[in-house]
Structure formats: C-alpha cells, structure tokens
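Descriptive analysis of the structure
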Amino acid sequence: MEVKQTADVAVEHHDDHTHEHDHHETFLTKYIFSQDHKTIAKQYLITAIIMAFFGMYMSLIFRLQLGFPETKFAFLESLIGKWGKGGRLDPGFYMALVTIHGTIMVFFVLTGGLSGTFSNLLIPLQVGARDMASGFLNMLSFWFFFLSCAVMTYSVYIETGPAAGGWTVYPPLSALPQAMPGSGLGMTLWLVSMVFFIIQSLLGGINYICTVINLRTKGMSMTRLPLTVWAFFITAILGVLTFPVLFAAALLLVFDRSFGTSFYLSDIFIGGVALPQSGGSPVLYEHLFWFLGHPEVYIIILPAFGLTSEVLSTMGRKPIFGYKAMVGSLMAIAFLSCIVWGHHMFVTGMNPFLGAVFTFTTLLVAIPSAVKVFNYLATLWRAKIQLTPAMCFAIGLVSLFISGGLTGIILGDSALDINVHDTYFVVAHFHVVMGASAIFGMLAGVYHWFPRMFGRMMNKTLGYVHFWLTLIAVYGVFFPMHFIGLGGVPRRYYSNSAYEGFDVFLNINTLITVFAFLAAIAQVIFLFNFVYSIFKGKKAPQNPWHSNTLEWTSPAGPGIHGNWNGPIPTVYRWPYDYSKPGADDDYIPQTVPYSQTKNSNLPGEE
Amino acid sequence: MTLLITITILLGIIVLARLMTIVQLSSELTGSSDSQEEQVRHNNSNGFGFIVFMVLGLGLFIYMTIDYSKHLLPVSASEHGVGLDKLLNINWAIIGVVFFITQIALFYFSYKYRDNKKHEAYFYPENYKLELIWTIVPTIVLTTLIITGLKQWNGIFSEKENSMNVQVYGYQFAWITRYSGPDNILGKSNYKLITDDNPLGLDASDPAVKDDIYTTGNEMHIPLGQELKFQFNARDVIHSAYFPHFRAQMNLVPGMNTFFSFKPTITTAEMRKITGNDKFDYVLLCNKICGVAHYTMKMKVVVDTPADFKAWLKSQKKASEVKAAPPVSTLNSTANGSNSI
C-alpha cells in the first residue's frame, strides 16, 4: 500500500515527521520504478532529451533534402537504409520524418518533457509537500510516457514506415491505408502511442492539481505560490480538460480505420474503388483535434512562462512585476485557449461566420500575452541582472515569444490567414512562438534547477556557448522562413522544384539548413555539459542562486524521498521579496517570518 | 569505417571530459570559480553580447526585408487580394513598431541593468496604472485590426452577383476544373459513377450536366474581370486549392462542397510584363498534405481575355460525351481493404 503510505506521510505527519524509509530500497525501486517525484522528474527529463535528439536528428535529414535538393548524400543510405537509396531521401519517408518530428517535439519533448520534468520536480518542492498526492500514479504516469515514446520510436523502423500524414493526422489520409504507406501499421502504432500519451498526461495532470490544492504547506496560500507552480497548475487543468477530447478524436479514428464506421469518411473513391462509407465529415475530426490541439500549444508555453518568471525574478534580484496580473493572464490565456481552436480551420470549409467568431477570440488571446511580455520587460527594468546561462535563456524566450507572437496576429486574422495558411509562414510562426521559445524556457529551467536535481553545477562557459549558438541558429533558421511563406511556398513539400517561381528560395533554404546544423552542434555541446556535470560537475551549494523558494531549503544533492528532514518548513511570505528596501540581504526566503525582518516590512506586513 | 568514426568520437568525448576537469580544477585552485567577480565578468560580456546581437539582428532584419521583398508574391491578381495586401501592410507596420520597441527594450534592459556592482535593484512589485495602460492599448489596437480584417473577410465570403460557377476537383495527385457552361449550373455528380472515362463521376441523367465542360490537361483558364464562384470537391482525401497569386485558398473535403469566389484582374500576359519575367505563370497548388506525391500536385492557371477564354474552352472535354453508366456497386469494396489496418 505504497500509495496510501506516501499520502499519509505528506498529509498527517506534517509537522513532526522525520522521514526514514521503513523498507529497504532496491535499485529497482529507487531508480526504475521510483515513486519519488524528484527521480520521476529526472526520468522525464532524460527521456525527453533523448526524444529531443531523435526529433532533431530527423529534422536534420529533411533539412538536407530541402537545403540541397540536387545533392546525393551517400551516408543517407547507411543511416536510413532503403529510405535513402542512392543517397536521396524517399519522398514518402520525408513525409514520415516531418510527421514524427512534429509529434515527438510537440508531445514528447515539449508536453511530456517540459511539464513532466518541472511539474514533478517543482510542485512538491515549492509548495512544501513530501511528494505528489499519489506517488504510485506518478510512477505510472512516467511509465506510460516511456511506453508511448517506445511505441512511437519503434514505429519509425517498421517495413511500411511510420505515420506520414502530418502531425495532425487528418483523415481520410490517415484513415485509409491505400492513401499512403504510412497510413497502415505506422498509423496504428501512432494511435496506440498517443493513447498511452493521453493516459500519462491525465495521470500526471490530476496528480499535479491534487498536490497544489491539497498539499501546500502551512502558510502557503494560493497567493504565495511561486509563478512556476501557478503555471503548472493551470497547465494541468487545461490538459485534463482537453486531452480527453483528443482521445475521443483518436478513438473515432480507430473505429473508422478498423471497424468500418463513417465518422470522418464520406463519398470517397480511392484506388479504383468507391468506398461504402457515407455521412461522415473530416471537419469533425479537425474540430476535435484542434479542441486539444490549440490548448496544447499553451500547455507547452505556460510552463515555460512559469519557469521564465521565476528565473527572471531570481536572477534579476527583483520581484516579478505584477504578480496578480501574471496569474490573471495565465488564467485568461488558459480560458481563451479553449475557444480559439477554429483559427486552424479558417479555410477548411467551416462556415465563414464561425471564422469571424474565432478571429475575434483569437486576437483576444493576444491581450494577456502582451501583458505578460510587458510585465517581463518591467521586471527587467532597473533590475540587478545576473546573466547566468539560465537567465540568458529566459531573456531569449521573451525575445522569441515577442517575435513569434506578433506574426500570430496575422495568422489569427481570418482574412489574412487565407494566403499564408499552411505555408512556411505558419511553420516559422509556430516554431518561434511555441517551439523554440518553449525549448528556451525548458533549457532555462534545466540550467537553473540542475543543482537542485543533481546536486552539481553545470559548466557556465559551455552554457554560454550553447546559448549564443542556439539563439543565433534559431533566428537564422526561422527568420528567413517567414519570407518563404510570404512567397507562397506550401509547407510539407518534399521539393519546391514543382513550381519555377519558387526557385529563388533555394538559397534561403540552403542557409536555413546550415543554421539547422549549427543549432544541432550547439545541442551536442549542451548534451555533453549535461552528462558531464551529472558526474563531474562542481558540487552545488545549498542555495546557489540565493533564491527565496522552498526547493532550496531541502537537503542538497539528489535529496531524500520526503524532501525535508524534520518538519516541513512553514511559509510566511510571497516568493518574490528580492532587494527589498531595508532588508539585510537582497533576498528573503519564504520561510523567514515578518517578525524577523522588521526593517524591511511594508505596511500591513507585521 | 563506421568503427573508426565511432572510436574517434568516443576519444573526442574522453579528451573533452579530461580538458573540462583540468579547466575546472585550475579555476578552483586560483579561486576565481563562481565568485561574484566571475559572475560580473559574465554579466558584462553577455550584456555586451545582447547589444551586439540586437544591433546586428535588427540591421539584418531591415536588410533582409528590403532584399527579399522582390522575391515575394507580385501584386495581387484578384480584386479582393488588393485589399488583403493593404491590410497585411497595415498589420506589418503596427507589428514592426511593436517588434522594434519591445526587442530594443528587452536587450537594452538586459545590458543596462546587468549587475556590474554599480547599482542595486529597485523594489518595484506593481503599478496598476501602468498595467492598465498596457492592457487597454493593445485591446484598442487589436480591436481595430479585428474589425478591419473581418470587414474584408465578410466581403470575400458574401454572395456575389453574376458569378460564373466553376468546379475545382482534386484527387491524388492532380486537378480537374469543370465549367458550368451556358446554364451556369454544375450538373450533378456521384462518386460511385467514377470511371476512367468519367473522372468526375458526372451523372448523365441530369440535364444540367450536358453543357458542362471539363479540363483534361494540366492547365485551367479563367476569364479576366469575371467574378468566379469556385466549388471545391475532393475524390479521396483532403486537398487544399491554393492560388497564391490571387490570395485565395480553400480546402477540398470529401463529402462536402466548399466555396471561394474571386475575380481575376490581371491576365497572364500582363503579369509577365509586371514581373518582368516572360515565363511567369499563375499556379494552383495543393496545400494540404495529401500523400506521397503531394508536392507535385499543381495546375497551371492562365488568365485570358474573355474572347481567348471562350476559344480555349472549345478545346476542352464536353460532359455530353460522357456515357451514362450504372453506379458501381460498393459491396466489393469492403473486401478491397478499405477497412484493413
């Protein structure tokens, strides 16, 4: 009854518990089937990093094709076998690479990896809990995630290739094996993998919500929560509300594929045969998919915002500007994100009136997003900025979010979307605003909380090299892509040689590919730094960044299961008392009562 | 060979790791590691880096915008497209201003307020007035943009008078265009009637089919100055009809009729003069992933004068030549793998 035990530990033995294990921990329970949220966070992080490299490697292969369409790369054949015969990438496998790259990055890296790592690590530590509400469900959540990653990876290596209909897998293309090879077994595996993923997401999400609501330590009112926890909390709610809809979409797709139903299929003549299905509509799938799909991009970016808020404030030695507005804008973004999905469907044949409604709601999301950016800028204003690698990445996130967010104004406008819909302009927009920007948030998190996770520091110099190469490469890849899109080049084209007018973009494509490789090299530097620092990094002090939040009060290093020896600390103040006038130091941890800081108390804080 | 590469990479990693250890140990010995001074040095160099990045980045932004503008789409060849381009430019202007202000503020602050031991941070947790301002101003700007955008959107999708009905039909991986003929009605079709001789599945029993005309080659013509109402249909999977030069796009969805109207305003010949490229052609592209050869699914579009258009239409296939065939039974199809995994 491990579940009950952990919960008991966290709730009942709140004040006087000295945590010791009643049972002996084996390698298996400590590192593999661990129920310690800190270990699970590391498991998520390492799995996500592996998947991220896999996804990145795929993007490099298809970037080679786009940047050097005429060149034969002999090594392709040894890398990807029959799909790279004669050194040329197979067009079908190009589609597969694009699809699986998108799936891996969106779901496994930026959803599972980002939320899974940092919600797990920081929620219990920052709210002052011994562990998650249910350690067992938490463990299950990771193993479903792992299973999901394993199935998706396996699908890449099957005879007919993985799913290849784009990461959105619109039927009928994805429903009919005769429409393309990837819609056979590859698509089945994609659906299986996604089902596991949805399960992990729900198990994780429910756990995060319960922990934040029930297991906050004494004094930790909701208004004293760090913005990281707020972001994870709202993200989890969003995920629990929307992922089941994706499950419904996937389930109906399974029915259409395997049981002859017509939810999404109607009037189809393919492979010389008229299919019997009638009455279904692919647009139904699009609605269901994007009902998750759009909140999904906020599920990705909100945790990154949370991490950034924390890093900007801590490393700026200054309270986050407008705490209440930051929480309010998180909530507003989360709410609005559920009613904007139609902006992915302006030209799908959806009623134009609906298009008008979705334009309205979509541009509304820009308002809380703008508030966030302005508040970040106000936080930096007159701060005392410590440009650690984490801080650099946090600043990079803000820059990328501005760049990508602004082009969203064009895409969110139904009229303007007509001509850039599904072009490279969209590819550029979302890679900047939720791809690169969220990765920057995640990397900021890794650099900042690495000492908390592994008890060692990452190498700063390599961190800076990683940051600058990545920043330059990301802009180098995605900035020129906007022009290709405005030139009318559709996305997901194996080759742009079909229309002569696109030839002028070949140079830009070559340039983009070169930058993509630069970005990859930078990530290898990061990987080296990450692995090296786990084993050989400098030992971390207890509170390396002089931070106020609770996670830095628990024993350094890998820590103990239960987080604190002795009682859980009590919280007396909000987490952003940095550089408070009159205080002895430039930070006052949340555990310091007002009675000990008479000189710096503001009116009403006695 | 592979073995050799693997060994080289492994050796490289080991050497790097050793080097790291040495650097780390030596910095610990000299006592400079992780001290405040070291961080201040990092603050200075990276803060300076942000300024350089900002200046070079914004410079390149301006340069590329000017340099690449000639590669972008030429002036819109449709009536509504001109308005859209104008709207796009207004959006760009506003976005550009916000982009410059915020990026400059971000990088300048990162540089200016780096910790160089010369100042303390200013405790400034909130200012309602300021926050209200930057909530309300974007709201007003966005509302204006929404309203101007929606005006155009509603204009594009409003019912037009005297428009010619044209069907654009897509299948893996080609297009057929059908013209409604003198009666301006697209005759009925049924996907179960599709054969090699009747690729659109036209229903010969419908009198409106008789005068329809459809393309057999990979080229469609449209008459200048004529309002066209396109009806889009797909045979197998979702496609998207994308006419970049006319600022027009609509998906083709199996089982559904979708529509888009536009009026071409520049003939191909005139556009060749405008672009200075005597090989220029308009194009219809598939812009929704539809299978392995998705990237090859395109059709040449020619805007003719009305007289030339009429002459060209005569060379295309008449629907009256299609023989009435009984609907194919769909019973066999279940055995043909539509349901298999």
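Residues numbered from 1 in each chain as written. Chains lettered and ligands numbered in written order. Predicted model: local features only at pLDDT ≥ 70, side-chain atom pairs only at ≥ 80, totals over all residues. Heavy atoms only, no water.

1. Re the pattern of salt bridges
Condition: Any Lys or Arg side-chain nitrogen found within 4 Å of a carboxyl oxygen on Asp or Glu counts as a salt bridge. Secondary structure elements follow DSSP: runs of H or I no shorter than four residues count as helices, runs of E no shorter than two count as strands, and numbering proceeds from the N terminus. Relative accessibility thresholds used throughout: buried, under 20% of the residue-type maximum; exposed, over 50%; partly exposed, between the two (1.4 Å probe, protein chains only).
All chains considered together, the criterion is met by 18 salt bridges over all chains. Between E120(B) and K384(A) there is a salt bridge, with its nearest N and O atoms 3.3 Å apart. Placement of the pair is E120(B) in the loop between α3 (79-112) and α4 (128-156) and K384(A) in the loop between α11 (352-380) and α12 (389-412), with the two residues belonging to separate chains. On the basis of relative accessibility, which here comes to 57%, the residue E120(B) falls in the exposed class. On the basis of relative accessible area, K384(A) is assigned to the buried category, the value being 11%. A salt bridge links E159(B) to K229(B); its shortest N-O distance comes to 3.2 Å. Taken together, the residues E159(B) in the loop between α4 and β1 (164-171) and K229(B) in strand β5 (residues 228-234) connect sequence positions 70 residues apart. For E159(B), a relative accessible area of 64% translates into the label exposed. The class of K229(B) is buried, set by a relative accessible area of 19%. Look at the salt bridges and you will find they share partners, linking R317(A), K384(A), D586(A) and E120(B) into a network.

2. Regarding the nonpolar core
Convention followed: Here, the term nonpolar core denotes a set of buried Ala, Val, Leu, Ile, Met, Phe, Trp, Tyr and Cys residues that are joined through side-chain atoms within 4.5 Å.
Residues L89(A), F107(A), F118(A), F530(A), F230(B), F243(B) and F246(B) are the most contacted members of the largest nonpolar core, which totals 282 residues. Of all the elements, helix α5 (residues 91-127) of chain A adds the most residues to this core, at 21 residues. Judged by nonpolar contacts, the second largest core, of 13 residues, contains I176(B), Y191(B), V209(B) and Y214(B).

3. Some words on the packing of aromatic side chains
All names here are of chain A. Let me state the cut-off plainly: Whether two aromatic rings pair depends on their centres lying within 6.5 Å, for rings of Phe, Tyr and Trp, where Trp uses its six-membered ring; planes under 30 degrees apart make the pair stacked, over 60 edge-to-face, and the rest tilted.
With the rule as written, the count across this model stands at 85 aromatic pairs over all chains. Centroid distance F108 to F145: 6.2 Å. Interplanar angle 75 degrees. Geometry classified as edge-to-face. Taken together, the residues span a long stretch of sequence, with F108 in helix α5 and F145 in helix α6 (residues 135-155) at a distance of 37 residues. According to the relative accessible area criterion, F108 is buried, its value standing at 0%. By relative accessible area, which is 0% here, F145 ends up buried.

4. Comments concerning the pairing of strand β7 (residues 248-252) of chain B
All names here are of chain B. As a reminder of what qualifies: Strands pair, by our definition, only if DSSP identifies at least two bridges between them.
In terms of residue burial, β7 counts as a mostly covered element, since five of its five residues are buried. Alternating residues of β7 divide into A248, M250 and L252 and Q249 and N251, and every residue in both groups is buried. As defined by bridge partners, strand β6 (residues 239-243) adjoins β7 across five bridges and the pair is classed as antiparallel. In the strand pairing of β7, F243 is matched with A248.

5. Considering the domain arrangement of chain B
All names here are of chain B. Under the convention used in this document: For the purposes of this description, domain bounds are those given by an automatic or database domain assignment. As used here, buried area is the combined drop in accessible area, with a 1.4 Å probe, of two parts when they are placed together. Any pair of nitrogen or oxygen atoms within 3.5 Å is treated as a polar contact; in protein, a donor-acceptor pairing is required on top of that, and neighbouring residues in sequence qualify only through side-chain atoms on both sides.
For chain B, the domain assignment lists domain 1 (43-116), domain 2 (128-158) and domain 3 (164-322). Taking the mean C-alpha position of each, domain 1 and domain 3 sit 39 Å from one another. Together, the buried faces of domain 1 and domain 3 total about 1,100 Å²; carbon and sulfur atoms form 60% of this surface. Here domain 1 is connected to domain 3 by two salt bridges. Residue E79 is joined to K263 by a salt bridge in which the shortest nitrogen-to-oxygen separation is 3.6 Å. Joining domain 1 to domain 3, the criterion identifies eight residue pairs in polar contact (both at pLDDT 80 or more).

6. Some words on α6(A)
To keep things clear, this is the line we draw: Residue count minus one, scaled by 1.5 Å, sets the expected span of a helix. Any two residues having at least one pair of non-hydrogen atoms within 4.5 Å are treated as being in contact.
The first and last C-alpha atoms of α6(A) sit 30 Å apart over 21 residues, in line with the 30 Å expected at 1.5 Å per residue. On the buried face of α6(A), the contacting elements are α3 (37-67), α5 and α7 (185-214) of chain A.

7. Brief notes about the interface of chain A and chain B
This is how the line gets drawn: Residue polarity follows a fixed list, in which Ala, Val, Leu, Ile, Met, Phe, Trp, Tyr, Cys and Pro are nonpolar, Asp, Glu, Lys and Arg are charged, and the others, Gly among them, are polar.
With 133 residues of chain A at the contact, the number on the chain B side is 116 residues. Counting each side, the surface lost to burial between chain A and chain B is near 11,100 Å², with a carbon and sulfur contribution of 69%. Where chain A packs against chain B, one counts two salt bridges. Counting the contacts that link chain A with chain B gives 30 residue pairs in polar contact (both at pLDDT 80 or more). Tallied by class, residues from the side of chain A that touches chain B come to 82 nonpolar, 33 polar and 18 charged.

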